[in-house]
Amino acid sequence: MAALTPLGAFTIPLGGQTIELHEIVHAEGGMALLRLRIREGKRFTVFDIDPVSARRWAEAMAAWANRQPG
């Protein structure tokens, strides 16, 4: 069994997708992952991401956002 801890949620203004972030820790090995859940209407997409991949994704998104005006 895995333990889920909510980290945050928000809705994208254009498109209306709901993004949920959770920490998931697997009891068997204690491995922690970031669960990203995207809801589009009745459809869900779920990613379980390791810390290295999450950091790379976050850095790429932050770099892009910092280049945008406003």
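In this text the structure is predicted, and so the values were computed from the model without any measurement. One numbering rule holds for all chains: residues counted from 1, following each sequence as written. With pLDDT at 70 or above as the cut-off, local features in this predicted model cover only qualifying residues; side-chain atom pairs require 80 or more to be listed or tallied, and sums for whole chains, interfaces and linings still use all residues. The side-chain values count all of the structure's non-hydrogen atoms but skip hydrogen atoms and water molecules.

What to know about the environment of Glu28
Where we set the bar: Strands are runs of DSSP state E lasting at least two residues, helices are runs of H or I lasting at least four, and both sets are numbered from the N terminus onward. When a residue's accessible area, from a 1.4 Å probe over protein chains only, is under 20% of the maximum for its type it is buried; when over 50% it is exposed; and in between it is partly exposed.
On the secondary structure map, Glu28 appears in the loop between strand S2 (18-26) and strand S3 (32-40). Look at Glu28 and you get exposed, because its relative accessible area is 64%. The sequence separation of Glu28 and Met1 amounts to 27 residues, and the corresponding C-alpha distance is 7.6 Å.

As for the sheet that holds S2
Put simply, the rule reads: Pairing between strands requires that DSSP locate at least two bridges from one strand to the other. Under this scheme, a helix contributes an axis fitted over its contacting stretch, all axes are lines through C-alpha atoms, and angles between N-to-C directions fall in the 0 to 180 degree range.
Pairing in this open sheet of four strands is antiparallel, and the strands run S1-S2-S3-S4 from one edge to the other. Of all the strands in the sheet, just strand S1 (2-11) and strand S4 (43-49) have a single pairing partner and so form its edges. Strand-to-strand twist across the sheet, computed as the mean angle between neighbouring axes with direction ignored, equals 20 degrees. Both S1 and S2 contribute to a ladder of nine bridges, which runs antiparallel. Note that in S2 the partner of Pro6 across the bridge is His22.

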